[in-house]
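An overview of the molecular structure
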Protein chains: 2
Amino acid sequence: MQPFAFKLKHTDGAARLGELRTPHGLVETPAFMPVGTQGAVKALRHEDVERLGAQIILGNTYHLFLRPGDELIARRGGLHKFIGWDRPILTDSGGYQVFSLAARRVIKEDGARFQSHLDGSPRMLTPEAAVDIQARLGSDIAMVLDECLAYPATRDAAAESMHRSIRWARRSRDQLIRLRTSSAGAIVTNTGQAQFGIVQGGVFKDLRGESADATVALEFEGYAIGGLSVGEPIDMMYSVVGDTARRLPDDRPRYLMGTGTPGDLVECVARGIDMFDCVLPTRNARNGQLFTSEGRLNIKNARYAEDDRPLDERCSCYTCLHHSRAYLRHLYMAGEMTAGTLNTLHNLSYYLDTMKRIREAILFNAFEKFRLEFQRTADRLSLES
Amino acid sequence: MQPFAFKLKHTDGAARLGELRTPHGLVETPAFMPVGTQGAVKALRHEDVERLGAQIILGNTYHLFLRPGDELIARRGGLHKFIGWDRPILTDSGGYQVFSLAARRVIKEDGARFQSHLDGSPRMLTPEAAVDIQARLGSDIAMVLDECLAYPATRDAAAESMHRSIRWARRSRDQLIRLRTSSAGAIVTNTGQAQFGIVQGGVFKDLRGESADATVALEFEGYAIGGLSVGEPIDMMYSVVGDTARRLPDDRPRYLMGTGTPGDLVECVARGIDMFDCVLPTRNARNGQLFTSEGRLNIKNARYAEDDRPLDERCSCYTCLHHSRAYLRHLYMAGEMTAGTLNTLHNLSYYLDTMKRIREAILFNAFEKFRLEFQRTADRLSLES
């Protein structure tokens, strides 16, 4: 089995062209990971996601832990076999959903106690449990459990939370090393699984710096920046991303969690980020919000009722090759499931195509030019949205 | 443009192998038409429907008339262009939905007055209007407006309703001939559109006979049997189908409306039917009810939670080639849209594959053997469902 590895192939300014090698194949970076929360990218089937060019998807540990359960998935041979997807998968730790979805959560040093949002059953997620669950799932990249801080937070609250996340990161790393070096009774369905640490610290640069140094000292296979895109001004986010990325080792992948708009992807690649995930393209698609090279478009709008043009004349996705805005509006207004599928195909195509263009621009040392051109589009986007 | 034609190629007992030629291509019969009520087969996109081997789909005039409106569709160039499907389409007249979906309907000799189920707006559907609307839609096969009788009905009620349907059929035929011979102000987006009459008469054989003779006298391009599968015993339905089919001309296609289970398809082909439509495969799929060669299967059932087998080991659809019952159950229980898509792909594959096997059996004069074997499966089906 191919172990996990990251190769930095080329840089253009702070933008990086790289390659992740995982037990389930290669991922070219900068990469966007479509979100497949419960083992499926919503409204699509796997062949769609592959045809769109996605090389890796994200699964949500919280959801899979609660339903159908990590032990059931382990008995099926792990998440890849269970869902029938043989390319790379990254799983989050479940922490974010415990903070955003679960009921009656109590966070203590040991971990998070909460009630399932599905049936109210009492559950516990500790750093060690998050490692064990993801070992059963057998994703190619596992994330450590971190504490998610609400924005805005005081400096003291951010510091305290960040310090706890570092202690949890150490426990997570220790647990993974135990699993790697002994069977320890736990089920491991992917022996080549990598583990990423997560830098926290809110919008406080010194705290981010301290978190980055302490996390890097634990020698993870990659590093994520967490706790952003939670309501802070966009310039502040970009600034924290840039400062934090500079503190991370060149030879490890850098993953900005839960971000963002197409413009965010370009700006954060410019600051040294290699990996992204976000529900925006898929969720917005189901709500009729579409990304195009000429701006965002809300398909519900009456102006599209008799518009025979495709969503985006520069797009070559299935939806744009076969259907008009008028038809897509009709399907949406009529509540047809097919609307969700066609819109998701388009939005994901736009995101993945943007990543491909980013990688090409870096390869040809033309990223800054690409970025400036994209910003002009992004400005139009924000005017029209 | 290829005008409409039907060619009877081979018979095996009462079972018929034929070919419909339409302005949008060939349809091999016996044929099953997936239902694409609002211009899309629910949960699928057109490439799926094509890949499954469907040669014709059905659109519902009532729904399209109300939303987005037949005039809007005509301005887009007709239904084929609007929805981006270039194979044959049959549209019903809208009558059945007026009887089953609309509010405050009042049926008089002139036609049906009702309120839209969408917004309560007052609407009118007459035999002439149903012809005009379908002319705007430009389907390849249009159906006449008929009166739909509830089951059970008295002989007198069935007779009265059947006689009205014959008067409406005559008005419908006259209106289509007017449209064909003069532009008459109406928009016709498919000049090769065929029109089918509908035989009514409830479960009363003499009334069915009278209706068949009177309808055939109007010289439609094809004939449908309506008003069955509405609650009558199955043997009674088969008997009416057999008697009615025998009264219809050999050189015209015969369409049994709104039927049925896989067993019904086989039994009615044995009685001389060439065309079918039914929501059963698509609606049941979305409800987790799956048709397999070994019986029906309800994917919600806990027994499938750890079942690594495909839905049907003899099936080669995308779903069966790629996914286990355990995964499909998980997606269904988790409420993922992808469950609806994967289940619909399988059920429609089962139906269309059954039709293909029926056509092969007729071609090789082996239909009776096929039918007996299928009945044995069908018996198991009813035991397990």
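Residue numbers restart at each chain and count upward from 1, following the sequence in its written direction. Whichever chain is written first is A, and whichever ligand is written first is 1; the rest continue in order. Reporting of local features is limited, given that this is a predicted model, to residues whose pLDDT is at least 70; pairs of side-chain atoms are given and counted only at 80 or more, and all residues count toward the totals for whole chains, interfaces and linings. No hydrogens and no water enter the side-chain calculation; it runs on all heavy atoms of the structure.

**Remarks on the interface of chain B and chain A**
Whether two residues are in contact is decided by their heavy atoms: any pair within 4.5 Å suffices. Listed per partner, the contact involves 42 residues of chain B and 42 residues of chain A. A quick way to say it: buried area is the sum, across both parts, of accessible area lost when two parts are put together, with a 1.4 Å probe. When chain B packs against chain A, the two sides together hide about 3500 Å² of surface, and 49% of this comes from carbon and sulfur. Among the residues of chain B in contact with chain A, Arg45, His330 and Met337 of chain B are the three that bury the most area, contributing 20% of the side total. The term salt bridge refers to a pairing of a side-chain nitrogen on Lys or Arg with a carboxyl oxygen on Asp or Glu at a separation within 4 Å. Counting every contact that joins chain B to chain A gives 12 salt bridges. When the shortest N-O distance is used, the salt bridge between Glu336 of chain A and Lys42 of chain B registers 2.6 Å. Whenever two N or O atoms come within 3.5 Å, that pair is a polar contact, provided that in protein one can donate a hydrogen and the other can accept it, and provided that, for residues adjacent in sequence, both atoms are side-chain atoms. For the pair chain B and chain A, the number of links is 26 residue pairs in polar contact (both at pLDDT 80 or more). Sort the elements by how many residues they give to the side of chain B that touches chain A and helix H14 (residues 337-363) of chain B lands first, with 6 residues. Gly falls in the polar group here, along with every residue not listed as nonpolar (Ala, Val, Leu, Ile, Met, Phe, Trp, Tyr, Cys, Pro) or charged (Asp, Glu, Lys, Arg). In terms of residue class, the side of chain B that touches chain A is made up of 19 nonpolar, 11 polar and 12 charged. Runs of E in the DSSP output that reach at least two residues are strands. Runs of H or I that reach at least four are helices, and both are numbered from the N terminus.

**Re the sheet that holds strand E7 (residues 103-107) of chain A**
Residues and elements named next belong to chain A. The rule for pairing is simple: two strands pair if DSSP sees at least two bridges between them. Spatial ordering of the open sheet is given by E7-E8-E9, a layout of 3 strands whose pairing is antiparallel. Looking at the sheet topology across the chains shown, the edges are occupied by E7 and strand E9 (122-125). Taking each pair of neighbouring strands and ignoring which way they run, the sheet shows an average axis angle of 15°. Fitted lines through C-alpha atoms give the axes, limited to the stretch in contact for helices. The angle between two N-to-C directions lies from 0 to 180 degrees.

**A closer look at helix H8 (residues 205-216) of chain B**
All names here are of chain B. If you check H8, its first and last C-alpha atoms are 16 Å apart, about what 12 residues at 1.5 Å a residue would give, namely 16 Å. Each residue is placed in one exposure class: buried if its accessible area under a 1.4 Å probe, protein chains only, is under 20% of its type's maximum, exposed if it is over 50%, and partly exposed if it falls in between. When H8 is considered as a whole, its buried residues turn out to be Leu207, Arg208, Gly209, Ser211, Ala212 and Thr215. Contact partners of the buried residues in H8: helix H7 (155-181), strand E11 (194-199), strand E12 (222-225) and helix H9 (234-247). What a helix should span is 1.5 Å times the count of its residues minus one.

**Description of the packing of aromatic side chains**
Pairing of aromatic side chains here covers Phe, Tyr and the six-membered ring of Trp, requires ring centres within 6.5 Å, and sorts the geometry by plane angle: under 30 degrees stacked, over 60 edge-to-face, intermediate tilted. Following the criterion strictly, the structure yields 18 aromatic pairs over all chains and no others. Relative to Tyr327 of chain B, the ring of Phe82 of chain A has its centre 5.7 Å away and its plane inclined at 85°; by these criteria the two rings are edge-to-face. With Phe82 of chain A in helix H4 (residues 79-83) and Tyr327 of chain B in helix H13 (residues 325-333), the pair connects residues from two separate chains. Classification of Tyr327 of chain B as buried rests on a relative accessible area of 1%.

**A short note on the packing of helix H14 (residues 337-363) of chain A against H14 of chain B**
Running from amino to carboxyl end, H14 of chain A crosses H14 of chain B at an angle of 105°, the nearest separation of the two axes being 10 Å. By the criterion of interaxial angle, the relationship of H14 of chain A to H14 of chain B is roughly perpendicular. Of H14 of chain B, the residues touching H14 of chain A (which contributes Met337, Gly340 and Thr341 of chain A) are Met337, Gly340 and Thr341 of chain B. Here the contact of H14 of chain A with H14 of chain B is composed, by residue class, of 2 nonpolar, 4 polar and no charged. For classification purposes, angles smaller than 35 degrees are called roughly parallel, those larger than 145 roughly antiparallel, those between 65 and 115 roughly perpendicular, and all remaining angles oblique.

**A short note on a nonpolar patch on the surface**
Without a salt bridge and with relative accessible area above 30%, a residue can belong to a patch; like charges are then joined within 9 Å and nonpolar side chains (Val, Leu, Ile, Met, Phe, Trp, Tyr) within 5 Å. What sets the accessible areas is the Shrake-Rupley method with a 1.4 Å probe; for residues, cover comes only from the shown protein chains. Together, Tyr151, Val230 and Met236 of chain A make up a nonpolar patch on the protein surface, roughly 210 Å² of accessible area in all. Looking at where Met236 of chain A falls in the secondary structure, it is placed in helix H9 (residues 234-247).

**Regarding the relation of the copies chain B and chain A**
These two copies of the chain differ by a rotation about an axis and a displacement along the same axis. Copies are brought into register by a least-squares superposition over C-alpha atoms of residues with pLDDT of at least 70 in both. With an axial shift of 0.0 Å and an RMSD of 0.0 Å, the rotation relating chain B to chain A amounts to 180°. One copy is carried onto the other by what is essentially a two-fold rotation axis. Minimal C-alpha distance to the rotation axis in chain B is attained by Met337 of chain B, lying at 3.7 Å. When the interface residues of chain B are mapped onto chain A, 100% of them again lie at the interface, so the same face is used by both copies.

**Focus on the nonpolar core**
Nonpolar side chains in soluble globular proteins tend to end up buried together. Buried Ala, Val, Leu, Ile, Met, Phe, Trp, Tyr and Cys residues that are joined via side-chain atoms within 4.5 Å together make up what is termed a nonpolar core. Core analysis: the biggest nonpolar cluster contains 151 residues, and Phe32, Phe276 and Phe367 of chain A together with Phe32, Phe276 and Phe367 of chain B have the highest contact counts within it. Setting aside its immediate chain neighbours within four residues, Phe32 of chain A contacts Ile56, Leu265, Phe276, Asp277, Cys278, Pro281, Leu348, Tyr351, Leu352 and Met355 of chain A.

**Let's talk about the side chain of Arg164 of chain A**
Summarising the element assignment, Arg164 of chain A is placed in helix H7 (residues 155-181). In this view, Arg164 of chain A contacts Ile107, Lys108, Glu109 and Glu147 of chain A; residues no more than four positions away in its chain are not counted.

**What to know about the pattern of salt bridges**
Applying the stated criterion across every chain yields a total of 68 salt bridges over all chains. Ionic pairing is found between Arg21 of chain A and Glu19 of chain A, a salt bridge with its closest N-O pair at 3.2 Å. Since its relative accessible area comes to 32%, Arg21 of chain A is described here as partly exposed. With a shortest N-O distance of 3.1 Å, Arg164 of chain B and Glu109 of chain B are connected by a salt bridge. Taken together, the positions of Arg164 of chain B in helix H7 and Glu109 of chain B in the loop between strand E7 (103-107) and strand E8 (112-115) put the pair 55 residues apart, joining distant regions of the chain.

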